[in-house]
Amino acid sequence: MQELFTKFDIDISPTQEEMLKSYYDLLISWNEKINLTSITSYDEVVAKHFLDSALLLSSSFCKSALKSDSRIMDVGTGAGFPGMVLAILKPEWKIVLLDSLNKRVDFLNEIISKLSLNNVTAIHGRAEDIARDENYREGFDLVVSRAVADMSLLLELCVPFVSDEGYFVAYKGPKYKDEISSAAHALSELCVKCVSDDSFDLFGADRTLVFFERAGILPDKYPRRAGIPAKRPL
Ligand code: SAM
């Protein structure tokens with residue numbers, strides 16, 4: 001694993017590698033009880049979940065924009081991608097993992113406990129509701145999200161967590177430019193702008209990290225009530 005991560009300029013210590021291996025073992029054993037991942041072979045999980053999640057650490061924009069003690073929110077984290085991997089690799093970051101499925105949050109809490117991670121918490125809820133809680137609204141230096149929704153909906157779910165000086169990064173595939181164009185109305189309504197994109201070739205799959213920052217004040221009406229953003233995307 002170390003050789004692979006080093007190729008992408010991502011530091012990983014032997015202890016962190018062991019932690020990711022334990023994470024893999026628990027992922028596979030819990031996957032027999034609840035649906036966490038369709039990818040199960042060790043090599044594929046390492047490349048398509050662990051390394052893909054960690055690509056943020058390889059991004060030049062991230063290296064220049066983030067402080068060492070950054071607060072991170074992962075919206076729709078599922079089995080912990082990308083947030084749990086980032087928590088393992090960046091113990092100095094404070095990370096909140098959010099998911100609307102309680103069983104997945106139980107799994108995340110098991111990982112946190114088994115790996116004795118003290119920089120990460122997992123919470124159960126919908127982004128639309130949690131973004132109304134003053135402990136979380138506009139409270140993060142970086143909001144991350146992978147494989148949760150198309151860009152317009154994703155922006156409404158994620159931008160309300162971004163602090164004044166913070167960023168949102170969407171993990172997207174090859175059609176990211178079309179998604180940004182289709183999200184023009186959402187970008188203007190939520191007062192954010194796209195500031196950077198970093199693309200990677202992940203063994204033939206295109207992965208692009210698309211970064212957004214604030215371009216004004218977030219209107220209080222966003223996000224709309226739970227379910228409405230998906231039903232009527234901006
Ligand atoms: N990010 C993970 C990954 O890349 O493997 C999980 C992706 S999974 C396809 C989408 C996840 O988003 C699910 O676990 C789902 O429960 C969660 N989700 C969907 N809508 C949500 C919402 N409004 N608030 C919080 N979580 C949500």
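What comes next concerns the included structure. Just so it is clear, the structure is predicted and the values come from calculations on it, not from any experiment.

### Some thoughts on the site of the ligand
Line of reasoning, step 1. Around the ligand, 15 residues are found, and the nearest of them are Gly76, Phe81, Asp99, Arg104 and Arg146.
Line of reasoning, step 2. One of the side-chain N or O atoms of Asp99 is found 2.7 Å from an oxygen atom in the ligand.
Line of reasoning, step 3. Arg146 is positioned with one of its side-chain polar atoms (N or O) 2.6 Å from an oxygen atom of the ligand.
Line of reasoning, step 4. In isolation the ligand has 600 Å² of accessible area, and contact with the protein removes 77% of it.

### Overview of the nonpolar core
Line of reasoning, step 1. With 57 residues, the main nonpolar core has Phe5, Tyr23, Phe50, Leu56 and Phe107 as its most contacted residues.
Line of reasoning, step 2. Looking at this core, the element that brings in the most residues is helix H2 (residues 14-31), giving seven residues.
Line of reasoning, step 3. The residues touching Phe107, leaving out its near neighbours within four places in the chain, are Tyr23, Leu26, Leu27, Trp30, Ile34, Leu36 and Ala79.
Line of reasoning, step 4. Ranked by size, the runner-up nonpolar core spans 35 residues in total, among them Met151, Leu157, Tyr176 and Val192.

### Focus: the layout of surface pockets
Over the atoms rolls a probe the size of a water molecule, and in doing so it shows where empty space is left.
Line of reasoning, step 1. In this structure, the largest pocket spans a volume of roughly 460 Å³.
Line of reasoning, step 2. Lining the largest pocket are 25 residues, with Gly76, Thr77, Asp99, Ala147 and Val148 positioned closest to its centre.
Line of reasoning, step 3. Elements with a contribution of two residues or more to the lining of the largest pocket: strand E2 (94-99), helix H7 (127-130), helix H8 (151-158) and helix H11 (228-231).
Line of reasoning, step 4. Looking at the lining of the largest pocket residue by residue, the class counts come to 12 nonpolar, eight polar and five charged.
Line of reasoning, step 5. In this structure, the second largest pocket encloses a volume near 240 Å³.
Line of reasoning, step 6. Together, 15 residues line the second largest pocket, and Asp11, Leu57, Lys63, Lys90 and Trp93 are the ones closest to its centre.

### Description of the side chain of Asp141
Line of reasoning, step 1. With respect to the element layout, Asp141 can be found in strand E4 (residues 140-146).
Line of reasoning, step 2. Overall, the relative accessible area of 10% leaves Asp141 in the buried class.
Line of reasoning, step 3. A polar contact is formed between the side chain of Asp141 and the backbone nitrogen of Arg71, at a distance of 2.7 Å.
Line of reasoning, step 4. Those residues within four positions of Asp141 in sequence are excluded, and the remaining contacts are Leu66, Lys67, Asp69, Ser70, Arg71, Ser163, Gly166 and Tyr167.

### Overview of the packing of aromatic side chains
Line of reasoning, step 1. A full pass over the atoms with the stated rule returns 12 aromatic pairs.
Line of reasoning, step 2. Grouping aromatic residues by their ring pairs yields a cluster made of Tyr23, Trp30, Phe50, Phe81 and Phe107.
Line of reasoning, step 3. Above the ring of Trp30, the side-chain terminus of Lys33 is found at 4.0 Å from the ring centroid.

### Some remarks on the pattern of salt bridges
Line of reasoning, step 1. Counted under the stated rule, the structure contains 16 salt bridges.
Line of reasoning, step 2. A salt bridge links Arg146 to Asp52; the shortest N-O distance between them is 2.7 Å. A residue pair is termed long-range when its members are at least 10 positions apart, and Arg146 in strand E4 and Asp52 in helix H3 (residues 42-54) qualify at 94 residues.
Line of reasoning, step 3. When the shortest N-O distance is used, the salt bridge between Glu189 and Lys221 registers 3.7 Å. Taken together, the residues span a long stretch of sequence, with Glu189 in helix H10 (residues 184-190) and Lys221 in the loop between strand E7 (205-214) and H11 at a distance of 32 residues.

### A closer look at H8
Line of reasoning, step 1. The buried fraction of H8 is high, at eight of eight residues.
Line of reasoning, step 2. Where H8 is concerned, the buried positions are Met151, Ser152, Leu153, Leu154, Leu155, Glu156, Leu157 and Cys158.

### Examining the pairing of strand E5 (residues 162-172)
Line of reasoning, step 1. Counted residue by residue, E5 has nine buried out of 11 residues, so it is predominantly covered.
Line of reasoning, step 2. Relative to E5, E4 runs parallel, the two being bridged by six bridges. Among the inter-strand pairings, Leu142 is bridged to a residue of E5, identified as Tyr167.
Line of reasoning, step 3. With respect to chirality, the unit in which E4 leads through H8 into the neighbouring parallel E5 is right-handed.

### Side note on the sheet that holds strand E1 (residues 71-75)
Line of reasoning, step 1. On the basis of which strands lie adjacent, the open sheet formed by seven strands has the order E3-E2-E1-E4-E5-E7-E6 and mixed pairing. The strands lining the two open edges of the sheet, one partner per strand, are strand E3 (120-124) and strand E6 (192-202). Adjacent strand axes in the sheet meet at a mean angle of 20°, parallel and antiparallel pairs treated alike.
Line of reasoning, step 2. Strand direction decides the pairing type here: E6 and E7, joined by 10 bridges, are antiparallel.

Basis of the calculations
Residues numbered from 1 in each chain as written. Predicted model: local features only at pLDDT ≥ 70, side-chain atom pairs only at ≥ 80, totals over all residues. Heavy atoms only, no water. Near = heavy atom within 4 Å. Polar contact = N/O pair within 3.5 Å; in protein donor to acceptor, adjacent residues only side chain to side chain. Areas by Shrake-Rupley, 256 points an atom, 1.4 Å probe, with all protein chains shown as cover. Core = buried A, V, L, I, M, F, W, Y, C linked by side-chain atoms within 4.5 Å. Buried < 20%, exposed > 50% of the residue type's maximum accessible area, 1.4 Å probe, protein only. Helix = DSSP H or I, 4+ residues; strand = E, 2+ residues; numbered from the N terminus. Contact = heavy atoms within 4.5 Å. 1 Å grid on protein atoms, 1.4 Å probe; cavity = no way out; pocket = protein on both sides within 12 Å on 5 of 7 lines; lining within 4 Å. Points joined across faces, edges and corners; volume = space filled by probe spheres on them. Nonpolar A, V, L, I, M, F, W, Y, C, P; charged D, E, K, R; others polar. Phe/Tyr/Trp six-rings, centres within 6.5 Å; stacked < 30°, edge-to-face > 60°. Lys NZ or Arg CZ within 6 Å of the ring centre and 35° of its normal. Salt bridge = Lys/Arg side-chain N within 4 Å of Asp/Glu carboxyl O. Pairing = 2+ DSSP bridges. Right-handed = clockwise from strand over helix to strand, strands pointing away. Axes fitted to C-alpha atoms, helices over the stretch in contact; angles between N-to-C directions.

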